[in-house]
Structures are given as structure tokens and as C-alpha cells.
Amino acid sequence: MAKVGVYVCHCGTNIAGVIDVEAVRAFAEALPEVVVARKDLFMCSDSGQELVKQDIREGLVDRVVVAACTPRTHEPIFRAAVESAGLNKYLFEMANIRDQDSWVHPDNPEQATEKAMKLLASAVGKASRLKPLEDKYVDVTQAALVIGGGVAGISSALELANMGYTTYLVEKEPSIGGIMAQLDKTFPTNDCSACILTPLMVDVGNHPNIKLMTYSEVEEVEGFIGNFTVKVRHKQSYIDWKKCTGCGDCAEVCVEQTKGRIPDEFNQGLSPRGAAYIHFPQAVPKKAVVDAANCISCKGHKFGQEPKISKKTGKPMIAPCQEACPADAIDRSQQFDPNGTIEEIKVGSIVVATGYQVMDKKWFKELAPDSPNVVTALQLERIISATGPSGGKLVRPSDQQKPKTITFVSCVGSRDENFHTYCSRVCCMYMIKQARLLKEKYPDLNINMHFIDVRAAGKEYDEYYTGARKMGINILKGKVGGLEVLPEDRLRVLAYDMEGAVPIEYESDLVVLATAIELPETAKKLAQATGLQFCGSHFYRELHPKLGPVETSVRGLFLAGCCQGPKDIPDTVSQAKGAAAVAAVPLAQGKVKIDPIISEVHAEKCSGCGICIPLCPYDAITFRMVADRPRAEIDMTACKGCGVCTTACPSAAIILHGYEEDQIYAQIAALTA
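Overview of the structure. (Residues numbered from 1 in each chain as written. Predicted model: local features only at pLDDT ≥ 70, side-chain atom pairs only at ≥ 80, totals over all residues. Heavy atoms only, no water.)

**Quick notes on the pairing of strand E4 (residues 92-96)**
- With five of its five residues buried, E4 lies for the most part within the structure.
- Here five bridges tie strand E3 (residues 63-68) to E4, and the two strands are oriented parallel to one another. The residue of E4 that forms the bridge with Ala67 is Ala95. (Buried < 20%, exposed > 50% of the residue type's maximum accessible area, 1.4 Å probe, protein only. Helix = DSSP H or I, 4+ residues; strand = E, 2+ residues; numbered from the N terminus. Pairing = 2+ DSSP bridges.)

Rendered as C-alpha cells:
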């Protein structure tokens, strides 16, 4: 008969503030399988763990139950303690009497104590029937994948590559750089964004361990930590990048042919681009692509067809972009194929750094989103950037004239119950940065900034904000209720000044909206491919907000940057380097552990019906021939221990280790007694 030791934790007042811990301990002591029952202020402390270890070493117990908090964070601690004392670590069970009891029943201590007893009895019933299990290990593919080529993805890729690992960097755009490449300067130091980012981009392009895959997207991820198989879709560029020199001649002639019909995404739609284009001047790789969906097939030269023959000259009528290309790099012989080509790669770990998008201003009808002089803060970045549509000159989009009054509106879509309740974290600071840069360049410019309140938590951020006030920038506390469009595309601002307790109205030439940071729609597709989950704010969910900020519930997948939540550049880079460090751990170890709590088929009982195969959500089950008869077989590396196959098997031929039938029935009996 098993000798079960029970250890009940006070967890300070988290548990003991609601549950009568001594009563629970005494209850456990009376259970038939229990040989010793103890309590401690903090069972996870060294002294608490030592209680367990000592009882194991002295041979008092051969099964251990700890009634404490969540197994998600504390089960590994206690399993390690049990193993260090010489007991198989899978002869351990936890009863979660904090998250599932004291925290949810704080106003009913008597019934909470009664519930704790049932949870504990259930754990004891299972623990007394536990069997020793052994960890298994598999080799690791010595390569990593980073998804997303913004500053987060760039930082992670360089860290992994510098450790000596082959690193694939996949970016959906033709160049890496992300949103940081679109910024003019960065706060609070006013560094030129391109000046600090471009050297990193060049390092990525030249690094011998980085395989750069731009204009590509991850389509499918299969496998497990240490052995992922990833399908990457390469979009058709219709340009031979081995020949392309990045001269941009094709882009120049194409933008003339398309006559401003295609908005330039890099300039946030404030200028046109051609169907043939280079993403931006400092692009890495600096290669042209042809956006075939928007190509107008000049001179009737369609993709996949031979050019027509001129009746006048008798020569082929090739498209102007081909004529302009001095390297003969444009290949219009390729058939139009929006699906592109698929390349399969194998990696051991994956860092997801897909970044963010700024919320569309169209949602805010009261803020005149259709007015050309109402722009987002990212659009203003492009206006004031030297590589932007006006060459860095501040102009109104409507008439290209310099504005005299400019208005900034914060928290557009953030901290708003109608849209996003979270704070986008960086809006206050980047608006202050933009206002300071404009005031320095145009001292006569009248600048009004409307905040709910200013959030400047960061190194030298508050000093940066205080400096803005000293420069003569008007900072008003209160929300903007609406904008009215006046003749000549001027705008009337309707706001409220909380400090003066008065409504205010004034005319403005240009209004800048700090729209919320949010996860792009494409994030859903990647989540489906990888198994990533979303948090309540619709960003990717980390494993634990405090103790696992870069890990995810999918082992081997890690998060970096704004795809996990809004953050500034320093925090993004810090997290990216942290993600790279933990992603490198399985690569450095060379082997990864396979949790033994997985399913196994008893071939002698299997009838070969195959019911389990389509039910498995992880495609872990296949047939193998045993004595000329098909039998189900489970791939231990793919099985996640969900138990679906176990419950579906009509022959009871599949067991889930750690959750066997007698263990489950013992738990049910204890809970229903």
C-alpha cells in the first residue's frame, strides 16, 4: 500500500486568510492512505521543501501531495524537490486550494475549507495509485526561426546568429525594418531612427548564420520543441533578385505609368508607388518587386505571355519596367501566381516577433477621419521624415502648405471601452517627441496637445515631457469631443479643458491622432498555424505575465516585441534579446525532454478500427502493421497528452500515463463522497 505524505501550505494569507489550514491538515491525517500530514507557512520555501525531502529520505512516504497554489508555476519546484530526495518525481500530485478555492471563495471560509478537504482527498486518491514514469529525450535541430523583421525580430535573429546557430528570419514585406524604419526620430534622445536601425539591418543582411527570407510568410508549423517543420511561402516578385541591383529605375517608370493609383504603404498612403517598387530607400535587401495584382500590363505585356510584336517596328513590345531595367532582372515570363512557392525548413525553436499595426482612423467618425488634414501619428512621422513624401517639410496634405496651428489628440482608441481598454504605452511619448521636433524646427508653430493624462514612465521620459512644456508647447488635460471640417479644409477642435473646467473651441490647420496599437488581422492566421493563444487585449498570450513573459503555452515558441503587448523600443529590444536567450536553450542542450504524461497504445488490445486517428488534434496517431494487421501507434514527440484518443477507444487499448482509469475513478469517488 502506498504511503502518502500530505503537506498543506498557508501561502501567507492567500490560503490561510480564508481556509482553516489546520482543519485541512487534520482531515488529511485521517485519510487511510496518508501516513503523515504537515503544514507550513510557505511550502515552496527551502524550509517547506525540506519537510518533504526529509520524510522521503527517512522512508516515511513514497507518494507526495502538496495542497497549495497553481501547478502551472509550482509543480516543477516540488517535482524537483521530490526527485532530489530520491523519489520518482511523477509520484507527486498537487491540490490547487488557492486559485481554485481561497481566491474564488473569499467570503465563504467555511465552505472553502470544506472544498479544500475534497480537493485534497481527490489528490490523495490519485497519488496513492500513481506509477513511476521516466522522461524521454529527442535530439534537437540546430537552427532557429524568427518570424517578423522589425527591430524585435532583427534583435532576436542577431542574438541567435551570434551564438552560432543557423537562423531563418522571415518577413512578409520585401525588406526588413518594420515600423521603426518608418519613424523619423526616437524619444527621448531624438536619435535618427534610420541611423540606429540601418546598421542592424545591414548586419542581418551580411551575417553568415542568418538566412533572410523577405517577401515571405509562414504558412504552416508542425512538430514540437526541438523539431519543428515550417512551411514558408515565398511571394512572387517577378524580379530575379540575383540580377537586381536595387537601382530603382523600374520603380521610377512604373509610378509614372500607374499615375498615382497605388498608395505607398511605407509612406502610409501619403504618396503613390508603382506596381514595380522598392520598399524604401534603406531597404535590406534593396531589391525591387512587382506587385502583380496592381500591374496594368503596359503595352499588353501580361505575366506568363510573350510580348506582342509591334506592327510598325516588328519588334517585341516589352513593358516599360523591363525596358528601364539595366540588369535585365524583370521576368514577366512567370505565370501570375498569387500563391507563390513553398519552402520547407526545419528548426528547433521559434521566436514570434510580428509587431503591430496602428488602428485605422476611420473608426472615429467624430474626428473627421475623411479630412486629408486629419492624420495618424505614423503618417506625421512620414511627413516629417527626410525620406517621406515631402522630404521632411511640414505641410498639410490638402494643399502642401505649412500649417500655423497643429493639434495632437491622445488615446484615440486606447483606454476606451468602445474599442481598446488598454493603454498603448508609447502614444504620450511619441506625440511629445513629434511636438518637440516641430517646435525646434518651426518656433512660430502653435502646438496644442490634448491628453487624458501624460504617462511618462521610463528612463529620462519625464524630463523629456517637462522640457516640452518649457518649449512653449500647450499641453491640455481633457479629451477632444469632436472635429468640425471648415472651408479650405481647416478644422475646428471641440474639446474640454479639465484644469480650467471650461469647454474650448479653436481652429487648427492639422490634427494628429494617436490611434491605438493593435495586433494585425494576419496574427490570427499565424496563431492558427502555431497554436498561439490570445490574451484579453487580443495580443499573443505569454505563458505567465511575470515569470514567463517570453514563453508561450506552446513549448519552443517564444514572443518578442509588440505582438505580446504595446511597448517602446528599449523594452522591445530587451524582450527580443531575452526571447533569443531562452530560444537558444534547447539548441545549446542538444536534446529536449518529452513529458511522459502522454498516451500509449496497447497493441494486443487494439482492434485496428482507426477511430482514434482522425480524432487526434495533433496528428500523432498512425497505423503500423503488427502480424499483418493494422494497429494504432502514437508518436510520442507529437502527442500532447490531451486524452481524446483514450476516451474514444472502444477497446480501451489506449492509456494516458498519469491519468489512468483507476486514478481518475479514485478522484471522482473522493469528490463525490
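Still more to cover.
**Here we look at the nonpolar core**
- One finds Leu145, Val230, Ile350, Phe408, Leu438, Met449 and Tyr540 to be the most contacted residues of the largest nonpolar core, which totals 62 residues.
- Considering each element in turn, this core owes the most residues, eight residues, to helix H12 (residues 427-441).
- Excluding its chain neighbours within four sequence positions, the residues that come into contact with Val230 are Leu145, Val218, Glu220, Val221, Glu343, Glu344, Ile345, Val347 and Ile350.
- Leu169, Phe224, Cys295 and Cys325 belong to the second largest nonpolar core, which has 61 residues in total. (Core = buried A, V, L, I, M, F, W, Y, C linked by side-chain atoms within 4.5 Å. Contact = heavy atoms within 4.5 Å.)

**Examining helix H13 (residues 461-470)**
- By the burial criterion, the buried members of H13 are Tyr461, Tyr464, Tyr465, Gly467 and Ala468. Buried positions in H13, seen along its axis, are confined to an arc of 160 degrees and lie on one side of it. Exposed side chains of H13 directed beyond 90 degrees from the buried face belong to Glu463 and Lys470.
- Positive phi shows up at Gly472, right after H13, with a value of about 95 degrees. (Arc of directions from axis to C-beta.)

**So, the pairing of strand E24 (residues 446-451)**
- Within E24, five of the six residues are buried, which leaves it mostly tucked inside the rest of the structure.
- Pairing analysis gives five bridges linking strand E23 (residues 405-412) to E24, with the strands arranged parallel. In the sheet register, Thr407 faces E24, and the bridge partner there is Asn448.
- In this region the chain leaves E23, passes through H12 and returns to the parallel neighbour E24; the handedness of that crossover is right-handed. (Right-handed = clockwise from strand over helix to strand, strands pointing away.)

**Here's the deal with a nonpolar patch on the surface**
- A cluster of nonpolar residues, Tyr659, Ile664, Tyr665 and Ile668, forms a patch on the protein surface that exposes about 390 Å² of accessible area.
- Note that Ile664 resides in helix H18 (residues 661-672). (Patch = residues over 30% accessible without salt bridge, like charges linked within 9 Å, V, L, I, M, F, W, Y side chains within 5 Å. Areas by Shrake-Rupley, 256 points an atom, 1.4 Å probe, with all protein chains shown as cover. Salt bridge = Lys/Arg side-chain N within 4 Å of Asp/Glu carboxyl O.)

**A word on the sheet that holds strand E6 (residues 143-147)**
- In space, the five strands of this open sheet follow the order E10-E7-E6-E20-E31, with parallel pairing throughout. Of all strands in the sheet, those bounded by a partner on one side alone are strand E10 (210-213) and strand E31 (557-559). Taking each pair of neighbouring strands and ignoring which way they run, the sheet shows an average axis angle of 20 degrees.
- Inspection of the sheet shows strand E7 (residues 166-170) paired to E10 by four bridges, in the parallel sense. (Axes fitted to C-alpha atoms, helices over the stretch in contact; angles between N-to-C directions.)

**What about the packing of aromatic side chains?**
- Enumeration according to the criterion identifies seven aromatic pairs in this entry.
- Ring geometry for Phe187 versus Tyr461: centroids 5.3 Å apart, planes at 75 degrees, classification edge-to-face. Here Tyr461 lies in helix H13 and Phe187 lies in the loop between strand E8 (185-186) and strand E9 (191-192), a separation of 274 residues in the sequence. Each of the two residues, Phe187 as well as Tyr461, counts as buried.
- When the ring of Tyr238 is compared with that of Phe303, the centres are 4.3 Å apart and the planes differ by 40 degrees; the resulting orientation is tilted. (Phe/Tyr/Trp six-rings, centres within 6.5 Å; stacked < 30°, edge-to-face > 60°.)

**Let's talk about the sheet that holds strand E19 (residues 341-347)**
- Spatial strand order, E11-E12-E19: three strands in an open sheet with antiparallel pairing. Looking at which strands have only one partner, the edges of the open sheet turn out to be strand E11 (216-224) and E19. Looking at each pair of strands side by side, their axes are set apart by 20 degrees on average, direction ignored.
- Pairing between E11 and strand E12 (residues 227-234): eight bridges, direction antiparallel. By the bridge assignment for E12, Gly223 is matched with Phe228.

**Thoughts on the packing of helix H3 (residues 46-57) against helix H4 (residues 71-84)**
- Running from N to C, H3 and H4 cross one another at 35 degrees; their axes reach a closest spacing of 9 Å. Between H3 and H4 lies a crossing whose hand is right-handed. Contact with H3, carried on its side by Gln49, Val52, Lys53 and Ile56, involves Ile77, Phe78, Ala81, Val82 and Ser84 of H4 and no other residues of that element.
- Its residues assigned to classes, the contact of H3 with H4 comprises six nonpolar, two polar and one charged. (Left-handed = near helix turned anticlockwise from the far one by under 90°. Nonpolar A, V, L, I, M, F, W, Y, C, P; charged D, E, K, R; others polar.)

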